[in-house]
Amino acid sequence: MSEAAEAVAAHYGRKDLDAAILEALAASGKDVGRLTPDDLAPVDEFHTGQRGATMRLAELAKVTGGERVLDVGSGIGGPSRYLAQKFGCHVTGIDLTPEFVAVATMLAERTGLAGKGAGKVAYRQGNALDLPFGEASFDLVWSQNAAMNIADRERLYREMRRVLKATGRLAFQDVARGPGGEPWYPTPWAKDASISFVFTPQATRAALERAGFRVAAWQEPNKEALDQAIARAKSVAGGPLPPLGLHLLIGPDFPAVAANMLRNLQEARITLINAVLTPL
């Protein structure tokens with residue numbers, strides 16, 4: 001793993017994350033031996049908008065359930081398990097962070113989507129800039145809030161295009177640079193600017209087109225993100241956090257991260273993109 005990749009993996013890595021999540025689930029009244037993807041929704045969708053954003057992206061991408069899906073930057077597996085349970089997709093997740101891959105696999109087994117007698121989802125550790133899959137392997141390449149840690153967008157998008165079938169599509173959600181200046185840190189994806197590579201929407205779209213994609217749908221749903229950030233900031237300021245939530249993934253910086261995300265959106269330092277693209 002390169003030095004840059006190691007820095008990103010170290011940012012997301014959490015010691016004993018699996019035990020912390022299971023403990024929080026039990027404290028929330030869940031049966032950890034018989035979990036459902038809905039039980040995990042407060043913690044396992046590590047992106048702006050969480051489950052609601054995943055549902056909106058699936059609708060935008062017109063997911064039917066017949067797709068073989070690659071989730072790039074799959075985290076601890078929330079979107080992949082949603083796509084598998086809701087639509088019946090077969091999903092492969094790839095993530096740079098070993099702890100995330102281990103937790104994703106454990107949770108998939110506990111929800112009955114992986115393991116003995118099941119095979120809807122599978123996860124592996126790997127680098128999005130060198131995807132370990134053959135050409136034209138997937139009907140749908142999916143990614144939510146993963147590209148902000150990747151400087152070489154040209155290579156990322158070429159790799160996504162390479163593994164996508166000619167009749168397939170790319171569906172992604174991303175954080176982009178707004179006109180208000182450099183984001184305030186820490187954010188969910190970086191403690192400082194050293195591993196943060198946030199492009200403008202225009203630069204993102206141009207890089208995608210150079211990689212061989214055409215835009216089928218392009219949205220910038222900032223009001224929804226701002227509303228969510230306001231609600232999260234109020235919850236942090238209003239008292240103890242619930243047992244289960246994204247604070248388990250972010251760690252002690254969670255209050256500062258929540259405050260900065262609100263400020264970044266209010267000051268237009270970041271904007272959001274939901275998009276679906278097809279190969280040229």
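The text that follows walks through the structure, step by step, so that each part is easy to find. (Residues numbered from 1 in each chain as written. Predicted model: local features only at pLDDT ≥ 70, side-chain atom pairs only at ≥ 80, totals over all residues. Heavy atoms only, no water.)

Inspection of the entire model under this criterion finds six aromatic pairs. On the numbers, 6.5 Å between centres and 75° between planes, the contact of Phe46 with Phe100 is edge-to-face. With Phe46 in the loop between helix H3 (37-44) and helix H4 (50-60) and Phe100 in helix H6 (residues 98-110), this pair connects stretches of sequence that are 54 residues apart. For the pair Tyr82 and Phe87, a centre-to-centre distance of 6.1 Å together with 85° between the ring planes defines the contact as edge-to-face. Three or more aromatic residues joined by ring pairs form one cluster here, namely Tyr12, Phe46 and Phe100. Positioned over the ring face of Trp218 is Arg205, at 5.3 Å from the centre of the ring. One cation-aromatic arrangement involves Arg263 over Trp184; the distance from NZ or CZ to the ring centre is 3.7 Å. (Phe/Tyr/Trp six-rings, centres within 6.5 Å; stacked < 30°, edge-to-face > 60°. Helix = DSSP H or I, 4+ residues; strand = E, 2+ residues; numbered from the N terminus. Lys NZ or Arg CZ within 6 Å of the ring centre and 35° of its normal.)

We now examine H4. An α-helix turns once every 3.6 residues. As a result, residues three or four positions apart point the same way. Of the residues making up H4, those classed as buried are Gln50, Arg51, Ala53, Thr54, Leu57, Ala58 and Leu60. Count one or two residues on from H4 and you reach Lys62, which has phi positive near 55°. (Buried < 20%, exposed > 50% of the residue type's maximum accessible area, 1.4 Å probe, protein only.)

This part covers unusual backbone geometry. Cis geometry marks the peptide bond from Tyr185 to Pro186, where omega comes out at 5°. Of note, Pro186 is situated in the loop between strand S5 (164-177) and helix H8 (201-210). Although it is not a glycine, Lys62 sits at a positive phi angle of roughly 55°. Looking at the element boundaries, Lys62 is found in the loop between H4 and strand S1 (68-72). Here the phi dihedral of Ala268 falls at roughly 55°; this positive angle occurs in a residue that is not glycine. Relative to the helices and strands, Ala268 is located in the loop between helix H11 (254-266) and strand S7 (270-279).

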